[in-house]
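Take a look at the letters that make up each chain.
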Amino acid sequence: MYALVDCNNFYVSCERVFQPALEKRPVVVLSNNDGCIIARSDEAKSLGVPMGAPMFKYKNLLKKNNVIIYSSNYTLYGDMSSRVMDCLKIFTPQVEVYSIDEAFIGLDGANNNTLVEKMKKMKESINQWTGIPVSVGIAETKTLAKLANHIAKNYKEEGVYIIDRNSSRLVELLGNTEIEDIWGISKKWGARLRSIGISTGLQLQRSDPRRVRQCISIVGERIVRELNGVSCLPLESVQPRKSIMVSRSFGKAIRDVSSLKEAISNYTVTAAKKLRCQHSLCGSIYTFIQTNRFNLKDLQYSNSSVASFNEPTQDTFKLLKAVDISLKKIYRPQFEYHKAGIILSQLTTKINASLSEKNTASNYKGIFGMQPDLFLVAYENYKRVHKRERFTNTIDKINEKLGLGTIFYGAQGVEKKIQKSHKSKVNWRMKSYYRSSAYTTRWDQLLRVS
DNA sequence: TCTGGGGTCCTAGGACCC
DNA sequence: TCTGGGGTCCTAGGACCC
């Protein structure tokens, strides 16, 4: 058995923990750059504010109904998320963190008769310890647990719902579920399935898996089997990321290459830090820039460039140099740019390297922690790589201790430190007018109680 | 005026091998 | 006029998720 634990209106709930007056009031949280509405309280949902709606289209509605608006605050949400996940780990070691606001937990060896009661207790504890309300769906497979969670959330059921595959209620439930509401089926595949006469969850459950495979892919076949209680998607442990992307839309359109470089350099620094945090090296970095695709009257342009490294790296300087070269290749002065980003890919795990111990010249990976450049003299290369590594680690440590950006790279822009407010002259900085504090991660932003 | 960001997996097709 | 068969690996693009 699996349980899916999903936080209710997660971002809104995070804000409410620190502003209890927001309870029972309509609240929304915006995406980066204050662009779209990506989280809504129940009250906001019932006003008819759809998920992912562009903010500017709903501004009047929000204003008229006194909806409270927040910019997204991922520092806060990320920290609240790990608190919730830590709670789950108290109840069982079998936890798969699936996204910022949900986790699957394995219930092997649990007694089915007491399962619902146990999950209710867990739900209450999480609420007590973190202030975050969650819903729990329990079933034999992940796909069914997703469905159970949907019931738990939308029909209350005290926030916990278990699917019994043999009950007639499952037939009713699947029969009332549109094909696109099944986990893993979205619009495109939904349309394809409808074209061969499958339009409800029940019809999908009862169809021939091979036929669905022909229509979609093996992914579809798995879904059919999962709906029939055959688990095809096991619980997975946390793995390092296979790619790391950092991209942003700009607060204002920008034209000059120096601003673009500054923005991209900042994204690269962020990505490189993430890379080192998960002890990976990257083999290549992809840089992209694009104009505003919504500005139909403007000429559109988007382009990208990949830089590969002879030797996988986690050195911020190397990455910055690579994106600088890439940017020069793709930049065209006649356009106004709206978004840019970078992607680190071909990630490999860095091994702890040392010249001593049992490592010999024949064991290059042991010495370097990676596959080194064939054409460099080994010992000189070793010294160089390790010198760079110590340097980068020192910068990381200083920034950890004294705050992010205490030491920064020239390419990030020297005005950086003084541009804290949204009056900033740095025009690529994203909009964030309604951001709350980093209550749980910064001493200078602790909640004040008077 | 204003339209997010960050991931994974699968498949088809091309390039290569013998 | 006629031009094989059987593989692997890599990548781009398309689908999905939150």
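These numbers were taken from a predicted model, which means no experiment stands behind them. (Residues numbered from 1 in each chain as written. Chains lettered and ligands numbered in written order. Predicted model: local features only at pLDDT ≥ 70, side-chain atom pairs only at ≥ 80, totals over all residues. Heavy atoms only, no water.)

**A word on the overall build of chain A**
- Check the secondary structure of chain A and you find 15 helices and 12 strands.
- Here the C-alpha radius of gyration of chain A, 25 Å, is about what a compact globule of 450 residues would show, namely 22 Å.
- Expressed along its principal axes, the backbone C-alpha trace of chain A runs to roughly 70 × 60 × 55 Å.
- Counting only residues that meet the buried cut, chain A has 46% of its 450 residues in that class.
- Accessible area for chain A stands at about 24,800 Å²; split by element, carbon and sulfur atoms hold 52% of it. (Helix = DSSP H or I, 4+ residues; strand = E, 2+ residues; numbered from the N terminus. Rg over C-alpha atoms; globule rule 2.2 N^0.38 Å. Buried < 20%, exposed > 50% of the residue type's maximum accessible area, 1.4 Å probe, protein only. Areas by Shrake-Rupley, 256 points an atom, 1.4 Å probe, with all protein chains shown as cover.)

**Some thoughts on the pattern of salt bridges**
- Applying the stated criterion across every chain, the model contains 21 salt bridges.
- The salt bridge involving R194 is made with E178; its shortest N-O contact spans 2.7 Å. With R194 in helix α8 (residues 187–195) and E178 in the loop between α7 (168–175) and α8, the pair connects residues that are 16 residues apart, well separated along the chain.
- Salt-bridge contacts for K328 lead to D324; the nearest nitrogen and oxygen are separated by 3.2 Å. Here K328 pairs with D324, and both are found in helix α13 (residues 316–330), just four residues apart, close to one helical turn.
- Here K328 falls in the exposed class, since its relative accessible area comes to 59%.
- Overall, D324 belongs to the buried group, its relative accessible area being 18%.
- Through salt bridges with shared partners, a single ionic network connects E178, E180 and R194. (Salt bridge = Lys/Arg side-chain N within 4 Å of Asp/Glu carboxyl O.)

**With respect to helix α5 (residues 115–130)**
- Taking 1.5 Å per residue, 16 residues should reach 22 Å; α5 reaches 22 Å between its end C-alpha atoms and fits that length.
- All of the buried residues in α5 are L115, M119, K120, M122, K123, S125, I126 and T130.
- Against the buried residues of α5 lie β1 (2–7), α1 (10–18), α4 (74–91), β6 (102–106), β7 (134–139) and β8 (160–162).
- Positive backbone phi, approximately 85°, marks G131, located one or two places after α5. (Expected span 1.5 Å × (residues − 1). Contact = heavy atoms within 4.5 Å.)

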